[in-house]
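# Coordinate inspection notes
Listed below, chain by chain, are the residues.
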Amino acid sequence: MKAVNRIEVIITAYGRGPDAVGRANDGRVVFVRGAVPGDTVRVLISEEHNSFLRGKVDTIIKPSPDRRETSCIHHTRDACGGCPWIATSQPRQQREKFEAVHREIKRVDQRAQIRPIRTEVPEWGYRRRTRLGYRHGVLGFRRRQERKIFNLETCLVLDPRINSALPAIRLEANKRALLHGSGNLDVVVDDHGRVHIGGVARIFRQPSATTETLLTKLVLEAIPSNDIHVAELFSGAGTFTEPLIQRGHILRAWEVDEHSVRQLKMRCPSADVERLDLFRHPARVNLQGVDSVLLDPPRAGAKDCMIPIAKSSASSIVYVSCDLATLCRDLRILTAHGFKVDYAVPVDAFPQTPHIETVVKLVRSTARQVHVQEGKLG
Ligand SMILES: C[S@@+](CC[C@H](N)C(=O)[O-])C[C@H]1O[C@@H](n2cnc3c(N)ncnc32)[C@H](O)[C@@H]1O
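### Re the overall build of the chain
Tallying secondary structure elements over the chain gives 10 helices and 17 strands in all. For 378 residues, the compact-globule estimate of 2.2 N^0.38 gives 21 Å, and the C-alpha radius of gyration of the chain, at 23 Å, lies within 12% of that figure. Oriented by its inertia axes, the alpha-carbon framework of the chain measures out at about 70 × 55 × 35 Å. Here the chain holds 378 residues, and 49% of them are scored as buried. Contacts in the chain between residues far apart in sequence, at least 24 positions, make up 61% of those at least 6 positions apart. Counting every atom, the chain has about 18400 Å² of accessible surface; 51% of that belongs to carbon and sulfur.

This is the structure:
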C-alpha cells in the first residue's frame with residue numbers, strides 16, 4: 001500500500017502481535033513495525049483507517065532504554081519474520097507478556113490469580129523443532145508479511161545442532177524440490193541429540209526441552225493428585241499423559257494425528273486412546289465420570305469442546321494454550337457455564353517473539369456448587 005504520511009509517535013507498549021503501539025496526535029492508535037516500547041520514532045504510515053494507523057519505523061528519534069543491538073544477520077538484512085521482538089530487552093519482553101496475560105485473563109474473570117511469568121527457557125538456542133521452507137534452491141524462513149523465503153545461514157533461537165545440520169537439511173530439501181518444486185520440511189532434535197529431517201519430526205513436540213519439563217510440572221501441580229480419572233484432549237504423543245499415568249491417574253486421551261496416536265499407545269498402553277478430529281466431532285468425547293479435564297489445543301483453540309467439557313462431571317480443568325486470544329474466547333464459555341478461573345501461569349516459551357504459553361486452572365465456581373446442592377436438596 002502507498003505510504004501516505006510520516007508522523008512522530010511515542011511508543012508505549014506492544015499490541016497483540018509483532019507490532020508496538022503508540023498514539024497519533026488525533027488520538028488514533030498507531031501500530032508500528034520495528035518499534036520497541038519506550039522509543040520515540042518517526043513512522044512511515046502505510047495504512048490509514050478511521051480508528052487506527054499502521055506503519056513502520058522510518059527514524060528512531062530517541063531509543064527506548066529497552067532497545068538493544070541484535071547480532072542476528074537475518075533480522076535486518078532479510079527481514080526475517082521469525083523474531084519480531086529481538087531488538088527488545090528480555091526483561092521488557094517478559095513484562096509485556098505478563099501484562100498481556102494479566103489484562104486479558106482478568107477481563108474474562110476478575111477473580112483469577114495471575115502468577116508470575118516463568119522465565120526458565122533460555123533466550124537463545126532453545127528451539128529444538130522448526131519448519132523450514134524450500135523453493136528454487138533456497139532453504140529458510142519467510143520474510144516478514146511475505147510468503148517469500150530467504151536463505152538461512154544461521155538462526156540464534158534454533159538449537160545449535162539444527163544450525164550444524166543445515167547442509168544436510170539443504171541436501172534433503174534439494175532432493176524434495178526435484179520432486180515437488182517447493183514445500184516445507186520439519187526438523188526436530190530428539191532426546192538423544194539426533195537431528196531428524198521429516199518423518200518423526202512431523203509429530204508435535206514442545207518447542208524446547210525446558211518448556212516440556214516446565215509445562216509437565218505445571219500440569220502435575222494443577223491436576224489434583226486424588227482426581228483419579230483424567231480426560232486429556234489434544235494429547236499429542238503423550239508429553240503429559242505418561243507422567244500423569246506414572247502418578248497413578250487413569251487416562252482417556254484424544255488426538256487426531258495418527259503418528260502421535262501410535263506413539264502414545266506404545267508409550268502408555270494403559271491409557272484409553274482414541275484417534276479423533278476434535279474440531280469436527282467435539283461431542284464424541286466421552287467425559288462421563290471424569291474428575292479433571294486437561295487440554296492443550298493448537299493455536300485455533302478448542303471452542304466447540306467447551307460446552308461438552310463444562311457439562312461433564314469434571315471439577316477442575318487445566319487448559320494449556322499457545323494463543324492468548326483463543327484461550328480467552330474459550331475461557332469465557334467455561335466461565336459462563338459454571339467454572340471460574342482459579343489461576344493462570346504465563347510461560348515465556350518463545351523468547352524474541354510475541355507468542356505466550358499459558359497454563360490455566362479452572363474450578364467449579366461456588367455459584368454452581370450451591371446450585372447443584374440446592375438441586376439435590378430440592
Ligand atoms: C499443542 S499440541 C499438544 C500436544 C501435547 N500436549 C504435547 O505437549 O506434546 C496440540 C495437539 O493437538 C493435535 N490436534 C490438532 N488438531 C486437532 C484436531 N482437530 N483434533 C484432535 N487433535 C488435534 C495436534 O496433532 C497436536 O498433537
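There's more to say after this.
### Considerations on the domain arrangement of the chain
Structurally, the chain comprises domain 1 (5-67), domain 2 (90-121 + 207-375) and domain 3 (129-202). Relative placement of domain 1 and domain 3: their C-alpha centres are 33 Å apart.

### Remarks on the site of the ligand
Looking at the ligand, there are 17 residues lining it, with Q206, T239, E255, D277 and L278 nearest. A distance of 2.8 Å separates an oxygen atom of the ligand from a polar side-chain atom of T239. Measuring from an oxygen atom of the ligand, one finds a side-chain N or O atom of E255 at 2.6 Å. Burial of the ligand by the surrounding chains reaches 90%, relative to a free accessible area of 590 Å².

### What about the nonpolar core?
L132, F141, L152, I169 and L294 are the most contacted members of the largest nonpolar core, which totals 48 residues. Of all the elements in the fold, those that place two or more residues in this core are β7 (129-135), α4 (166-180), β9 (182-189), α5 (209-222), β12 (250-255), α7 (258-267), β15 (316-321) and β16 (339-347). Among the elements that take part in this core, α5 stands out by supplying 5 residues, more than any other. Both domains that meet at this core, namely domain 2 (90-121 + 207-375) and domain 3 (129-202), each give it at least three residues.

### Quick look at the pairing of strand β5 (residues 52-62)
Along any regular strand, the residues point their side chains to alternate faces of the sheet. Both strand β3 (residues 29-33) and β5 contribute to a ladder of 5 bridges, which runs parallel. The residue bridging F31 from the neighbouring strand is R54, located in β5. Note: strand β4 (residues 40-48) against β5, 8 bridges, orientation antiparallel. Opposite T40, over in β5, you have K62 as the bridge partner. In textbook terms, the turn of a hairpin is the stretch between consecutive antiparallel strands, and for β4 and β5 this stretch comprises 3 residues.

### Brief notes about unusual backbone geometry
The phi torsion at F234 lies on the positive side, around 60°, for a residue other than glycine. Along the chain, F234 turns up in the loop between β11 (229-233) and α6 (241-246). For Q352, which is not a glycine, the phi torsion comes out positive at approximately 80°. Relative to the assigned elements, Q352 resides in the loop between β16 and β17 (357-364). The class of Q352 is buried, set by a relative accessible area of 0%.

### Observations regarding the pattern of salt bridges
Side-chain pairs of opposite charge can arise where the charged atoms are in close proximity. If you walk through the whole model with that rule in mind, you get 32 salt bridges. Taking the shortest distance from any N to any O, the salt bridge between R205 and D191 comes out at 3.0 Å. Residue R205 is found in the loop between β10 (195-197) and α5, and its partner D191 is found in the loop between β9 and β10; the two are separated by 14 residues along the sequence. On the basis of relative accessible area, R205 is assigned to the buried category, the value being 17%. One salt bridge connects E242 with R267, and the closest N-O pair in it is separated by 2.8 Å. Taken as a pair, E242 in helix α6 and R267 in helix α7 lie far apart in primary sequence, 25 residues in all. Residue E242 is classed as partly exposed on the basis of its relative accessible area of 25%. One salt-bridge network, held together by shared partners, links R16, R103, E104 and R107.

### Some points on the environment of R170
By the secondary structure assignment, R170 is in helix α4. On the accessibility criterion, R170 (22% relative accessible area) is partly exposed. For the pair R170 and L185, spaced 15 residues apart in sequence, the C-alpha to C-alpha distance is 9.8 Å. When residues no more than four places from it in sequence are discounted, the contact partners of R170 are L139, N151 and L152.

Reading guide: rules and limits
Residues numbered from 1 in each chain as written. Predicted model: local features only at pLDDT ≥ 70, side-chain atom pairs only at ≥ 80, totals over all residues. Heavy atoms only, no water. Helix = DSSP H or I, 4+ residues; strand = E, 2+ residues; numbered from the N terminus. Rg over C-alpha atoms; globule rule 2.2 N^0.38 Å. Buried < 20%, exposed > 50% of the residue type's maximum accessible area, 1.4 Å probe, protein only. Contact = heavy atoms within 4.5 Å. Areas by Shrake-Rupley, 256 points an atom, 1.4 Å probe, with all protein chains shown as cover. Domains from an automatic or database assignment. Near = heavy atom within 4 Å. Polar contact = N/O pair within 3.5 Å; in protein donor to acceptor, adjacent residues only side chain to side chain. Core = buried A, V, L, I, M, F, W, Y, C linked by side-chain atoms within 4.5 Å. Pairing = 2+ DSSP bridges. Salt bridge = Lys/Arg side-chain N within 4 Å of Asp/Glu carboxyl O.

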